[in-house]
Structure formats: structure tokens, C-alpha cells
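Here is how the chains run, residue by residue.
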Amino acid sequence: MRFFNTTGPCYPEKHYMLPPKDRLVGAQLDRYIRDELYWVLHAPRQTGKTTFLQSWMREINSSRQALSCYVSVENCQGVKDPKDSMPAICESIKMFASNFDVPVPNYDRAMSPNSQLNAILSDWAKIVAPKSLIVLFDEVDTLIEDTLISFLRQLRGGFAVKGAGKFPISIALVGMRDLKDYIKTAKDGIAPNPGSPFNIKADSVFMANFTKEDIGKLFWQRAEETGQKITEEALNYVYEQTAGQPWLVNSLFARATMRILDENSKETVTIEHIRTAREQMILARETHLDALAVRLKEGKIYQIIGSLMTGEADPFLTQSDDFRYCLDLGLVSMKEGMPTVSNPIYRETLARELTFGMQPAISAPQWKWQKDNGSLDMDALLKEFQKFWRQNADIWEERRKEKFKYTEAFPHLLLQAFLQRVLNGGGYIDREYAAGRGRMDLAVRFKGYTYIIEIKLIYDYSNPQIVAEEGLEQIKEYRDTVDAAAPSYLVIFDRRSSDKKKSWDERLTWRQKDGIVIVGC
């Protein structure tokens, strides 16, 4: 029985999969071979690049018109000196050639490392002649500084003489980032103009996520083989939560069909199965999500995510190299012209990671936070939060400044940590945040009930009345898209320096307008 794969390349005989080359945006694969072109493929991690490369390699080799080989250079990640990296790259070429059962080239280990790559590729082209050689280099963006410069210069050196028996006629450079971005990883972040080797680059191609239709086709393969079906509601939820990110889609399907349900079950997969799979996946901190969470400590990441969480408008945000880096990671995207975290699962993962340290420090509630019918007493919960904010906010924020970033988003994070501590696995939170929105929206789900919370900040330059009026209109709009009957709470944190001089009795307020509770902190 095939299964949904989340570890390494996919193979059609083992895994449910769709043809990866169908998701290449702007690619002209036949032309790259026919016209002997060098090109770049870039996309975030675990979107199917390696699966595509190895699949295309097999397709080329089965045609017998040329010989192709996949080569990963990841073993040289972080290695700066060509004396160390070039022999390692050459050994990788030999290893992958042997693994894929193609002729194995050689090189003179005594020659200059700045000639070794050129030499082994020339030898490789010679021994596969009269066929032309096509090389698919993966993980190229892991190369840095002098290693990257030497690698590109040696490819350029062979480009002028490329041809059957001389040098690869076509080379793909594949990684997370486009070449024009990762060439800046040279010394001091300045491109050293290494002969500008990719004025020989003919094309730059991107690999897109799954469409909603793709997700349906992927599960249909299992339905045909096993008879197990999935509801349309569940498929829509998978697309909504993942935005089609391939690893996330496969992970949800794998958990739903092999853990939540028995792998031999024919029971129809429902939205509740997928919701449970989503929660398990986030709590398990699977490698894909953990890798994103770890990056939150990087300086160029926290500036972007901090802006998205607070919702503040920054006219220069999307022009920055840091934002481009987050785009390349797949962490953020542009939605309706606004920068946002790429999908709800990433939003949830980032929020939980940033609040994780706070949650254990918040005592389990000793007060009644549920009503007799089992629903949340959100009034009581937020009044207790006001007490907690009064007692801990200033001290915790000062400590957070010393140890962690995201200080602008501190109120948002502390309220979410408080909510998560109370819910304690009994419910979940849907989060909406994006730069330029001026707020964060939360939909708290608990035992079939929904509660809407919107978070806004008042700064020294803000007009408190306008902030409140905007917030009321915004929360009504958000509530109507989620659940028009849901109890709604506008939580406003006053961050003005003048507010610090007021007594806590003045700072903490509670009032209602238009059926919405306005909570002042």
C-alpha cells in the first residue's frame, strides 16, 4: 500500500504523489536541453524540488538522448574555504553518479581546488559521450563566501566550451533562494562579481504550492486504491490551513489516515479528523515546523514577524532583504497585496513558539472559567487577565527585553499565552495577523462555542478614540466572517508613555458598545 510521504523525495511506486513538474512556474524544460541552457530553480524547503529533480533525471535518462545526474552539495554547507569544499563537491559528484548507476568521473586531487570542479565535469562529459551531459545541482544556496565564488567561476569557465564530450550542456542550480539573492552571501554581504557567472543564466523558475484541485487529486489516489473517501469540507479545510504547502498537506493526510484512523480503515475522513491531525502535528513539533520555529531567533526574521503580529504598517517592509529572505523560506507571502504569514498552521506554530516560555509560568486557573453549560465564561477569563496584566506585565516585559525580541508584540503574546494556558488542550485558537491591518484577530473555539477577540495597541502618536472606533468596525467585520452570533471582545493595550503614569485603576477599563465588550489594559 502506498502512503502520504513527509520524509525525503517521493517515488510513485511507494507514495501518493502528483507530477512535480506540473507545479513549475515558467519552466521550459525541453528548451533547456535543446538550446543547451543553464538555469535556476528556487522554492522553499520541502515543496518538492528534490522529487522533481530526481524524477526529471530518470525521464531524461530513459529517453537515451542525453545523460543526467542529480547531485546535492549540501555536504559543504557553511564551508568557506575551497580547499575543503571543492574536493568534497567532487566526491559528492562521484557518489551520486555511482548511486544513480551512471558513469563515475574522476579528477586530479593534486590540482588547485579552483580547477577541480571544472576538471571533474569535463571528465564526466567526456566519458558519457557521445551523449550530452546534464547536471542537476541541489542545495546550491548552502554554499557561501569563497566556496560559492569558486563554484560559480568554475561553471562559467566550462560554459564557453560546453558540448557533448566537453562540458555539461545544461546545468540546473537549485535551492531555497534565487541566485541573485544568495550570491550576496559572499564576504560582508557584498556580491564580489565573480566573473558574474550567471549572466549565463537563461531562466529562473519557481515551484508553486498545490492548488485546491491538486489536493483533491492527491487524496483521490488513496480513494481509488483503498476505497477510503474524504469529505469536501475536510478537503477545503486542508487547503485553508495549508495554503497548499506540499509537506503540510501530506502530513495532515498521513496523520488522518495512518494515526487517527487505522491505516486499513475505510472510514471517511472528516474535518474533525483533519483538525485533530493539525493539532497533533503542531504539538509534535515535527521537523518541518520545528525548523521554522527555530528561525524566529534570527534577527532578520523577528523584525518581519514582529511587524506582522502587531499589524503596524511599514512602507519599507516588503522592500527589505529580510522580507525577501522570509519569502524564500516560505514563512511569509503576499495576500491581496498585504504581507502575511503564509498559512494558518505557520501562524499557529509561530504564536505557540513565542508564547511557550510564558505558558508554564502562568498558574493553572483557580477561578471558575466555565459556565454551567460547559462554555467559556469569557467575561470572567478576560477580567482575570486584567488582574494578571496588572500584577505581571511590567516585570515580565522588562525581563523579555533582556532575553528575547518581539517586545512590540508582547501584549499580543501574553494574552495568547494566558488563553492557551486556560484552554489547556480543551480548545484551540484561530489567529489572523498581517502587516498593515493594525490589529490581531483571534477566534477562540471551545466545545462547539466560538468567541472573537481583537487586539489593538495605542501608541504615543495614536488617537485613542480613533483606535477604539476602528477596532469596533474591524471586529464586526471579522466576526461576520467567522460567526455573526459569537460574543466579541475588543482588547486595547495602551502603550503610551503617559499611560504609565496613571494608576492601574485608571488604566484597566471595561465597557460595552454595539454589543461588543471593550477591554482596556
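Remember, it's a predicted structure, so these values are computed and weren't measured experimentally.

Here we come to the pattern of salt bridges. Should the charged atoms of two oppositely charged side chains come close, the side chains can pair. All chains considered together, the criterion is met by 22 salt bridges. With its nearest N and O atoms 2.7 Å apart, the salt bridge here joins Glu 139 to Arg 45. Of this pair, Glu 139 sits in the loop between strand S4 (132-138) and helix H5 (145-159) while Arg 45 sits in the loop between strand S2 (38-42) and helix H2 (49-63), placing them 94 residues apart in sequence. We classify Glu 139 as buried; its relative accessible area is 13%. Given a relative accessible area of 30%, Arg 45 falls into the partly exposed group. Members of the salt-bridge network, linked through shared partners, are Glu 279, Glu 348, Arg 352 and Arg 431.

Okay, the nonpolar core next. If you look at the biggest cluster of nonpolar residues, it comprises 89 residues, and the most contacted ones within it are Phe 253, Ile 305, Met 378, Trp 389 and Ile 453. The residues contacting Phe 253, other than those within four sequence positions of it, are Phe 4, Ile 215, Leu 218, Phe 219, Ile 230, Leu 235, Val 238 and Ile 274.

Before going further, it helps to examine the sheet that holds strand S11 (residues 449-458). Pairing in this open sheet of six strands is mixed, and the strands run S9-S10-S11-S12-S14-S13 from one edge to the other. Two strands bound the open sheet, and with one partner strand each, they are strand S9 (427-433) and strand S13 (509-513). Recorded for the sheet is a direction-independent mean angle of 20° between the axes of neighbouring strands. Where strand S10 (residues 440-446) meets S11, seven bridges bridge the pair, whose relative direction is antiparallel. Bridging from a neighbouring strand, Val 444 pairs with Tyr 451 of S11. Of the strands in this sheet, S9, S10, S11, strand S12 (488-494), S13 and strand S14 (516-520) touch helix H17 (residues 464-482), which is tilted by about 155° from S11.

The next thing to look at is the sheet that holds S2. The strand order S1-S6-S2-S5-S4-S3 describes an open sheet built from six strands, whose pairing is mixed. If you trace the sheet from one side to the other, it starts and ends with strand S1 (24-25) and strand S3 (66-72), each paired once. Direction of pairing for S3 relative to S4: parallel, over a ladder of seven bridges. Counted as the bridge partner of Tyr 70 is Leu 136 from S4. Where H2 meets the sheet, its contacts fall on S1, S2, S3, S4, strand S5 (170-175) and strand S6 (201-207), and the angle it forms with S3 comes to roughly 160°. Seen against the sheet, helix H4 (residues 113-128) touches S3 and S4 and runs at an angle of roughly 140° to S4.

Our focus in this paragraph is the confidence of the model for the chain. Considering every residue of the chain, the mean pLDDT works out to 89; 93% of them sit at 70 or more. Here helix H6 (residues 179-182) is the element of the chain with the lowest mean pLDDT, 70, and S4 is the one with the highest, 98. For the stretch residues 185-192, pLDDT sits under 50, and the model shows 14 contacts to residues farther than four places along the chain or on other chains.

The next thing to look at is the packing of aromatic side chains. Evaluation of the coordinates by the stated rule reveals 20 aromatic pairs. Centroid distance Phe 4 to Phe 219: 5.9 Å. Interplanar angle 20°. Geometry classified as stacked. You can see Phe 4 sitting in the segment before S1 and its partner Phe 219 sitting in helix H7 (residues 212-226), a full 215 residues away along the chain. Among the aromatic residues, those joined into a ring-pair cluster are Phe 385, Phe 388, Trp 389, Phe 410, Phe 418 and Phe 493. Between Arg 507 and the ring centre of Trp 504, over which it is positioned, the NZ or CZ distance is 3.8 Å.

Our focus in this paragraph is the packing of H7 against helix H8 (residues 232-242). For any two helices packed against each other, the geometry comes down to the angle between their axes and how far apart the axes lie. Look at H7 against H8: their axes get within 10 Å of each other, and the N-to-C directions meet at 125°. Considered as vectors, H7 and H8 are oriented oblique to each other. By crossing handedness, the relation of H7 to H8 is classed as right-handed. Contact residues: Lys 212, Ile 215, Gly 216 and Phe 219 in H7; Leu 235, Asn 236, Val 238, Tyr 239 and Thr 242 in H8. Of the residues contributing to the contact of H7 with H8, the split by class is five nonpolar, three polar and one charged.

Further remarks concern unusual backbone geometry. Here Ala 129 and Pro 130 are connected by a cis peptide whose omega angle stands at 15°. Its location among the elements puts Pro 130 in the loop between H4 and S4. You will see that Gln 46, though not glycine, has its phi angle at about 55°, which is positive. In this structure, Gln 46 sits in the loop between S2 and H2. With a phi angle near 60°, Glu 139 is a residue other than glycine that sits in the positive phi range.

This part takes up H8. Because each turn of an α-helix spans 3.6 residues, side chains separated by three or four positions end up pointing in the same direction. Within H8, burial applies to Ala 234, Leu 235, Tyr 237, Val 238, Gln 241 and Thr 242. One side of H8 carries all its buried residues, which in axial view fall inside an arc of 160°. Residues of H8 that are exposed and point over 90 degrees away from its buried face: Glu 232 and Glu 233. On the buried face of H8, the contacting elements are H7, helix H9 (246-260), helix H10 (271-284) and helix H14 (344-355). Positive phi shows up at Ala 243, right after H8, with a value of about 55°.

An ideal rise of 1.5 Å per residue puts 22 Å on 16 residues; H4 measures up with 24 Å between its terminal C-alpha atoms. Within the span of H4, buried status applies to Pro 113, Gln 116, Leu 117, Ile 120, Leu 121, Trp 124, Ala 125 and Val 128. One side of H4 holds all its buried residues, which, seen down the axis, span an arc of 160°. Those residues of H4 that are buried are in contact with S3, helix H3 (82-99), S4 and H5.

Calculation criteria
- Residues numbered from 1 in each chain as written.
- Predicted model: local features only at pLDDT ≥ 70, side-chain atom pairs only at ≥ 80, totals over all residues.
- Heavy atoms only, no water.
- Salt bridge = Lys/Arg side-chain N within 4 Å of Asp/Glu carboxyl O.
- Helix = DSSP H or I, 4+ residues; strand = E, 2+ residues; numbered from the N terminus.
- Buried < 20%, exposed > 50% of the residue type's maximum accessible area, 1.4 Å probe, protein only.
- Core = buried A, V, L, I, M, F, W, Y, C linked by side-chain atoms within 4.5 Å.
- Contact = heavy atoms within 4.5 Å.
- Pairing = 2+ DSSP bridges.
- Axes fitted to C-alpha atoms, helices over the stretch in contact; angles between N-to-C directions.
- pLDDT = per-residue confidence, 0-100.
- Phe/Tyr/Trp six-rings, centres within 6.5 Å; stacked < 30°, edge-to-face > 60°.
- Lys NZ or Arg CZ within 6 Å of the ring centre and 35° of its normal.
- Parallel < 35°, antiparallel > 145°, perpendicular 65-115°, else oblique.
- Left-handed = near helix turned anticlockwise from the far one by under 90°.
- Nonpolar A, V, L, I, M, F, W, Y, C, P; charged D, E, K, R; others polar.
- Arc of directions from axis to C-beta.
- Expected span 1.5 Å × (residues − 1).

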